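Residue-level listing of the chains:
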Amino acid sequence: MAKNRRDKPDFFTKKAHKAGYPARSIYKLEEIQERHNLIKQGDNVLDVGAAPGSWTLYTNNELLKGNGSIVAVDLNPLNLSPIPPTVTFFQGDAFSTEIRAKLVELGPYDVIISDAAPMTMGSRTVDTSRSEWLAENVLQLAKEHLKPHGNLVIKIFQGGGQQEILKDMKTVFARAKTTKPKACRSDSFEIFLIGLDKNV
Ligand SMILES: C[S@@+](CC[C@H](N)C(=O)[O-])C[C@H]1O[C@@H](n2cnc3c(N)ncnc32)[C@H](O)[C@@H]1O
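Only a predicted model underlies this, so the values are computations on that prediction, with no experimental measurement involved.

## Section: the environment of Asn 37
Then comes step 1: By secondary structure assignment, the location of Asn 37 is in the loop between helix H2 (26-36) and strand S1 (44-48).
Then comes step 2: The exposure class assigned to Asn 37 is exposed, which follows from its relative accessible area of 57%.
Then comes step 3: A sequence separation of 114 residues divides Asn 37 from Asn 151, and the C-alpha atoms of the two residues are 9.4 Å apart.
Then comes step 4: Not counting residues within four places of it along the chain, the set of residues in contact with Asn 37 comprises Ile 32 and Asn 151.

## As for the packing of aromatic side chains
Then comes step 1: Enumeration over the complete set of coordinates arrives at five aromatic pairs.
Then comes step 2: With 5.1 Å between their ring centres and 75° between their planes, Phe 11 and Phe 12 make a pair best called edge-to-face.
Then comes step 3: Owing to a relative accessible area of 55%, Phe 11 belongs among the exposed residues under this scheme.
Then comes step 4: Relative to Trp 133, the ring of Phe 95 lies with its centre 5.7 Å away and its plane at 90°, an arrangement referred to as edge-to-face. Here Phe 95 is found in the loop between strand S3 (87-91) and helix H4 (97-105), whereas its partner Trp 133 is found in helix H5 (residues 124-145), with 38 residues between them in sequence.
Then comes step 5: Classification of Trp 133 by relative accessible area gives partly exposed; the value is 44%.
Then comes step 6: Positioned above the aromatic ring of Tyr 27, the side-chain terminus of Lys 15 is 4.6 Å from the ring centre.
Then comes step 7: Directly above the ring of Phe 189 sits Arg 124, whose terminal nitrogen or CZ lies 3.9 Å from the centroid.

Reading guide: rules and limits
Residues numbered from 1 in each chain as written. Predicted model: local features only at pLDDT ≥ 70, side-chain atom pairs only at ≥ 80, totals over all residues. Heavy atoms only, no water. Helix = DSSP H or I, 4+ residues; strand = E, 2+ residues; numbered from the N terminus. Buried < 20%, exposed > 50% of the residue type's maximum accessible area, 1.4 Å probe, protein only. Contact = heavy atoms within 4.5 Å. Phe/Tyr/Trp six-rings, centres within 6.5 Å; stacked < 30°, edge-to-face > 60°. Lys NZ or Arg CZ within 6 Å of the ring centre and 35° of its normal.

Okay, structure coming up:
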């Protein structure tokens, strides 16, 4: 029996599974893409916190359509079978010295997308500060390894310093904003920071 509401597949989970995606998160990126046209064919895309693999699969199948490349990284394995040939996957901490060096080697990137989230502990203070740490590290990676005119998406838990990070993004991108896609669960405190058209 389902222990809580999140154990029950909701509308977006059922829709994702029916469409062959491992997670409902696909619809968050789809909405962001439809609004901001971040990713185009031919792009080299870095997907941080990629497992189980919905964002990677959607990017490969619907946006790159085999024309482009994706570097995906996560602490956990991708649940994609097979992993598309355009995808290079690294399992491990994206910000460890070893894995970060591998990500850098395959850059620079046209787009960096990060849905990375810490394992939640149930303490809002701890969870948001870990999310903030991840978001800051993704932004640093983008500052150094995103191409001029490149685009960025970063998930962050609200309360996790998003205003400061957004302010910083406004100095790096022509446009920077926050968005909360409809597919975010109503009880979720996640939001997404979007950076468009990185300054030259
Ligand atoms: C919400 S899930 C991502 C879902 C994914 N976008 C999809 O569509 O399938 C968040 C992921 O962030 C990963 N993550 C958290 N910290 C990380 C880190 N330091 N390095 C790599 N991945 C990390 C977690 O392992 C988890 O799989």
